Amino acid sequence: EDKVVQSPLSLVVHEGDTVTLNCSYEVTNFRSLLWYKQEKKAPTFLFMLTSSGIEKKSGRLSSILDKKELSSILNITATQTGDSAIYLCAVLKDMRFGAGTRLTVKP
Amino acid sequence: NAGVTQTPKFRVLKTGQSMTLLCAQDMNHEYMYWYRQDPGMGLRLIHYSVGEGTTAKGEVPDGYNVSRLKKQNFLLGLESAAPSQTSVYFCASSYGVASRGTDTQYFGPGTRLTVL
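Residues numbered from 1 in each chain as written. Chains lettered and ligands numbered in written order. Predicted model: local features only at pLDDT ≥ 70, side-chain atom pairs only at ≥ 80, totals over all residues. Heavy atoms only, no water.

Draft legend 1. Representation of the overall build of chain A. A tally of helices and strands in chain A yields zero helices and 11 strands. Helices and strands in chain A line up, N terminus first, as β-β-β-β-β-β-β-β-β-β-β. The globule rule puts the C-alpha radius of gyration for 107 residues at 13 Å, and the 13 Å found for chain A is close to it. Once the C-alpha set of chain A is aligned to its principal axes, its extents read approximately 40 × 25 × 20 Å. Within chain A, contacts between residues separated by at least 24 positions form 54% of all contacts whose residues are at least 6 apart in sequence. Entry remark: accessible area of chain A is about 5,300 Å², with carbon and sulfur atoms responsible for 49%. For chain A, the centre of its 14 positive side-chain charges and the centre of its 11 negative side-chain charges are spaced 5 Å apart. (Helix = DSSP H or I, 4+ residues; strand = E, 2+ residues; numbered from the N terminus. Rg over C-alpha atoms; globule rule 2.2 N^0.38 Å. Contact = heavy atoms within 4.5 Å. Areas by Shrake-Rupley, 256 points an atom, 1.4 Å probe, with all protein chains shown as cover. Lys, Arg positive; Asp, Glu negative; His and termini not counted. Charge placed at Lys NZ, Arg CZ, Asp CG, Glu CD.)

Right, here's the structure in full:
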């Protein structure tokens, strides 16, 4: 059965820390992996990763896919309280989501 | 441009009642999706539509029906609500088939449904 597993499930850090969120998958006919940030309401798109080893970057956030290890990481450097959210990864074949990582950044 | 909107925002039902959730998008997207989100479960795909007049089952379709009579609207129906359907429901849309890795989804604000 296809599955997407995120770790850790929750994480508490202080402003300025760097965090790494993990997403591993077992999906037949993998095509792409997406990262979303969900604050109070709807998820908002962060990255789409299709090729292994190519880092995508947006400000303090970056992500990379490892198809050999069937996983992806999302890095956030110099965290701010505004980064507090649930981070979701989803694997494209049929948009299967992981359970999410709840990140809390304390001042 | 309102993006993706959902109505209602909140609803409380009694077991056995029926209701319809409405999703509307003004981006001329071909694809639309309905998800439910439960604590610790992430988002699970209920049904989706690849175009006007077409629908398909997702990961958890049982107990739900959908219709896409107009391109901009995607309706999710619960014929006989059960407590297990208490959840937050999200609608999403995309230009093309997200599963081809060419596009991303835009989400609505969600509907919180409680079934007593």
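Further notes follow.
Draft legend 2. Structural detail: the layout of surface pockets. Considering only enclosed or pocket space, the largest pocket measures out at about 570 Å³ in volume. Forming the walls of the largest pocket are 27 residues, and the residues nearest its centre are Gln38(A), Ile86(A), Gln37(B), Val88(B) and Arg112(B). Among the elements of the structure, strand S9 (85-92) and strand S11 (101-106) of chain A together with strand S4 (31-38), strand S9 (87-94) and strand S11 (111-115) of chain B are those that each provide at least two residues to the lining of the largest pocket. Taken together, the residues of the lining of the largest pocket sort by class into 10 nonpolar, 10 polar and seven charged. (1 Å grid on protein atoms, 1.4 Å probe; cavity = no way out; pocket = protein on both sides within 12 Å on 5 of 7 lines; lining within 4 Å. Points joined across faces, edges and corners; volume = space filled by probe spheres on them. Nonpolar A, V, L, I, M, F, W, Y, C, P; charged D, E, K, R; others polar.)

Draft legend 3. Structural context of the sheet that holds strand S6 (residues 56-58) of chain A. All names here are of chain A. Spatial strand order, S1-S3-S8-S7-S6: five strands in an open sheet with antiparallel pairing. Two strands close off the open sheet at either side, each with one partner strand: strand S1 (3-7) and S6. Recorded for the sheet is a direction-independent mean angle of 15° between the axes of neighbouring strands. Summarising the sheet, S1 and strand S3 (residues 19-26) pair through five bridges and their orientation is antiparallel. Bridging from a neighbouring strand, Lys-3 pairs with Glu-26 of S3. (Pairing = 2+ DSSP bridges. Axes fitted to C-alpha atoms, helices over the stretch in contact; angles between N-to-C directions.)

Draft legend 4. Representation of the pairing of S11(B) in the model. Residues and elements named next belong to chain B. Covered by surrounding structure in S11 are Thr-111, Leu-113 and Val-115 only, the residues Arg-112 and Thr-114 on the alternate face being uncovered. Bridge count between strand S2 (residues 10-13) and S11: four bridges; the pairing is parallel. For Arg-11, the partnering residue across the bridge sits in S11 and is Leu-113. Here three bridges tie S9 to S11, and the two strands are oriented antiparallel to one another. Residue Ser-87 lies in a different strand from S11, and its bridge partner there is Leu-113. (Buried < 20%, exposed > 50% of the residue type's maximum accessible area, 1.4 Å probe, protein only.)

Draft legend 5. Quick look at the interface of chain A and chain B. Opposite the 20 residues of chain A that make contact, chain B presents 20 residues. Of the roughly 1,500 Å² buried between chain A and chain B, counting both surfaces, carbon and sulfur atoms make up 59%. Counting the contacts that link chain A with chain B gives one salt bridge. Glu59(B) serves as the salt-bridge partner of Arg96(A), at 3.0 Å between the closest nitrogen and oxygen. If you look at where chain A meets chain B, you find two residue pairs in polar contact (both at pLDDT 80 or more). Elements supplying a minimum of two residues to the side of chain A that touches chain B: strand S4 (32-38), strand S5 (43-49), S9 and strand S10 (96-97) of chain A. In terms of residues, the side of chain A that touches chain B owes the most to one element, S4(A), which gives four residues. (Buried area = accessible area lost by both parts, 1.4 Å probe. Salt bridge = Lys/Arg side-chain N within 4 Å of Asp/Glu carboxyl O. Polar contact = N/O pair within 3.5 Å; in protein donor to acceptor, adjacent residues only side chain to side chain.)

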